[in-house]
Amino acid sequence: MKIIHKNTKTVIKSGFMTVTLLGMLVVFSILMVAILSMINLTSSSASKSLESQKAFNIAEAGVNYYLWHLSHNPTDFKDGGTTPATPDPKLGYGPYTHNYIDDNAKKQGTFTIWVNPQGSGSTIATITSIGNTNSGKTTRTIEAKIGSPSFANYSVVSDTALWFGSTESANGPVHSNQGVRMDGSSSTDVSSANTTYNPPVSLGGDGSSHPGVWCSSSIITPVNCNTRPKTDWLYPMPSVDFNKISGDLCTIKKEAFKVDPATSALASQANACTQTPTTRTAAYLPQRSTSGTYSISKGYLIELNNDNTYNLSQVNAETDTNSTYLTALTRVSVASNIAIPTSGIIFAEDNVWVRSNSTFKGRLTIGAGRLATASTTHITIADDIVYSQKNGSDALGLITEGDVVLSPYAPPASGNFNFEVDAAVISQTGSVIYPLYYRSAGSTCTKGWTSANQTFTYYGAVASRQSWTWTWQLGGPCGNAVSYSGHYITGILNNSTQYDYNLQYAPPPFFPITGSYNILAWHEIITSP
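Points about the overall build of the protein chain
- When its secondary structure is counted, the protein chain shows three helices and 34 strands.
- Taken over C-alpha atoms, the radius of gyration comes to 34 Å for the protein chain, far larger than the 24 Å a tight globule of 529 residues would show.
- Each principal axis of the C-alpha atoms in the protein chain carries an extent, and together these give about 145 × 60 × 40 Å.
- When the 529 residues of the protein chain are sorted by exposure, 48% land in the buried category.
- The contacts of the protein chain with a sequence gap of at least 6 include a subset with a gap of at least 24, amounting to 65%.
- Only carbon and sulfur atoms are counted for the fraction: they give 54% of the accessible area of the protein chain, which is about 24,000 Å².
- Distance between charge centroids for the protein chain: 16 Å, based on 32 positive and 33 negative side chains.

Notes on the environment of Phe 151
- Position of Phe 151 relative to the elements: it lies in the loop between strand S4 (139-147) and strand S5 (156-158).
- You can call Phe 151 buried: its relative accessible area is 1%.
- Remark: the alpha-carbon pair of Phe 151 and Ser 464, spanning 313 residues in sequence, is separated by 9.9 Å.
- Among all residues touching Phe 151, those that are not within four sequence positions of it are Val 157, Val 240, Asp 241, Phe 242, Ile 245, Ile 426, Ala 461, Ala 463, Phe 511, Pro 512, Ile 513 and Thr 514.

Section: the side chain of His 69
- Of note, His 69 is situated in helix H1 (residues 2-72).
- A relative accessible area of 12% means that His 69 is categorised as buried.

Observations concerning the environment of Leu 301
- Note on placement: Leu 301 falls in strand S16 (residues 299-304).
- Residues Leu 301 and Ala 265 lie 36 residues apart in sequence; the distance between their C-alpha atoms is 27 Å.
- Other than its neighbours up to four places away in sequence, Leu 301 contacts Asn 311, Leu 312, Ser 313, Val 315, Tyr 325, Leu 329, Arg 331, Trp 353, Val 354 and Arg 355.

Let's talk about the nonpolar core
- The biggest cluster of nonpolar side chains holds 52 residues, and the ones touching the most others in it are Ile 302, Tyr 310, Ile 366, Leu 396 and Leu 406.
- Here the element with the most residues in this core is strand S25 (residues 417-427); it accounts for five residues.
- Ranked by size, the runner-up nonpolar core spans 26 residues in total, among them Leu 249, Leu 266, Ala 461 and Leu 503.

A word on the sheet that holds strand S13 (residues 213-214)
- If you walk across this open sheet you meet the three strands as S6-S9-S13, and the pairing is parallel. In this open sheet, the two edge strands, each paired with only one partner strand, are strand S6 (162-164) and S13.
- In the sheet, S6 pairs with strand S9 (residues 180-182) via three bridges, with the strands oriented parallel. Bridged to Leu 162 within S9 is Val 180.

Side note on the confidence of the model for the protein chain
- Summing up the model confidence of the protein chain, the mean pLDDT is 89 and the portion of residues at 70 or higher is 90%.
- Below pLDDT 50 for its whole length, residues 1-12 participates in zero contacts with residues either more than four positions away or in separate chains.

So, the sheet that holds strand S1 (residues 93-101)
- With respect to topology, five strands assemble into an open sheet ordered S1-S2-S3-S4-S34, the strand pairing being antiparallel. Both outer strands of the open sheet, S1 and strand S34 (518-525), are each paired with one neighbouring strand and no more. Averaged over all neighbouring strand pairs, the angle between strand axes comes to 25°, with direction disregarded.
- Bridge count for S1 against strand S2 (residues 107-117) is seven bridges, and the pairing is antiparallel. Opposite His 98, over in S2, you have Phe 111 as the bridge partner.

Remarks on the packing of aromatic side chains
- Counted under the stated rule, the structure contains 16 aromatic pairs.
- A cation over a ring is seen here: Lys 390 above Tyr 459, with NZ or CZ 5.3 Å from the ring centre.

Rules used throughout
- Residues numbered from 1 in each chain as written.
- Predicted model: local features only at pLDDT ≥ 70, side-chain atom pairs only at ≥ 80, totals over all residues.
- Heavy atoms only, no water.
- Helix = DSSP H or I, 4+ residues; strand = E, 2+ residues; numbered from the N terminus.
- Rg over C-alpha atoms; globule rule 2.2 N^0.38 Å.
- Buried < 20%, exposed > 50% of the residue type's maximum accessible area, 1.4 Å probe, protein only.
- Contact = heavy atoms within 4.5 Å.
- Areas by Shrake-Rupley, 256 points an atom, 1.4 Å probe, with all protein chains shown as cover.
- Lys, Arg positive; Asp, Glu negative; His and termini not counted.
- Charge placed at Lys NZ, Arg CZ, Asp CG, Glu CD.
- Core = buried A, V, L, I, M, F, W, Y, C linked by side-chain atoms within 4.5 Å.
- Pairing = 2+ DSSP bridges.
- pLDDT = per-residue confidence, 0-100.
- Axes fitted to C-alpha atoms, helices over the stretch in contact; angles between N-to-C directions.
- Phe/Tyr/Trp six-rings, centres within 6.5 Å; stacked < 30°, edge-to-face > 60°.
- Lys NZ or Arg CZ within 6 Å of the ring centre and 35° of its normal.

Given below as structure tokens:
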């Protein structure tokens, strides 16, 4: 009995162990399957993640490629080709597909880019780049805005020395390739290409060498030279290359030829910039004389309207001792309400006088040059030039071979006023100035305004190869100069040069650039074209 009982217990114990072992094997098998599945899933996820990152890197390479491309050809938005003729309304020109080759010369995929320029001569373009790996199953898309700085990136930039007097202020970046005496107030960077320089007496010099940016310790009001912050006075800084401008005047002339059938064939000729057709179009104004004779007092008056049109007159003579443009200019009306060309370009083969009537609405660049002759053209501001809005929708560029002149008859003759000019101007070889002498009266000094209630506001940007000034200070009486605080003044004593920050990456059409393209902003988008 006892023996049989013991055997029964043994049988029962053995069976229990078998069931337990089987259960453990099942659990282990389930765990192994789960672990293997997890490993497989993780491996697959890692592979997909690697592919996704590779596609992103390829898309990023597409953006960098077009940055490089525009650095070599700043106006080419068709990837070196001519198609398509009409851009996609959303994405722009494209698609342009390139292989992406790694450092080991192996193809890792392709990037497809679309290029959408902002238009109206802006240096901003939107690049959409789609990265695709070799498998063709993974894509990532990046959209980037890129832009290039232009000569409109400064409130004042000059190839020569600058001097802001104590009654003059600068709101915006100022740069000189020589040096700056800044006795007036400034709102941001003032820079020079030199560590030290010896300024000429006419531009605040005293015969001694001074730092690239400095002020006179004798100036204590309205800004105290001795206590003012100077952390944003930067020197030496890279020079600005004014030699770039000559090629841009040629580009502007060719763009003016393109927009009208009467001159479009000239645009593609190798000698396009020395062609002088006699046909006038909305974008091209020919020489006043077919014989090539030139007179500083002849040219065109362009009156800018507030509906994206302009009025045009021939100027046959100028007597700048008179008090307004109405009496100073002998003119003959040519046409009114001429639509500003879609390119935003007018090129004149002669001198130009400009005013707004009464405000200007639009985006326009006026170029003036006699590129086929040795004569040098000038642009004269004949009256107020005022934008309809100061939000970037209006922009006027004035570019000429010679001087940009604020005429003596442009400000009001007397009384209290705040005279205003809104524009971005460039003098390729001359100065941007209020003149010291009348052009029509030899050595007679021009008029001066010294009252605190007679002010001048310049809003925009100035680039001058030589001098820049709205005011002259003389040691003795001269013509219409006005006595003030022991000196004699011509020009508007109380003036402010305010930078139009809208110009930084949206300058007037075809405005000359000063540097390479940069990425302004970018983000990834989840859809692709």
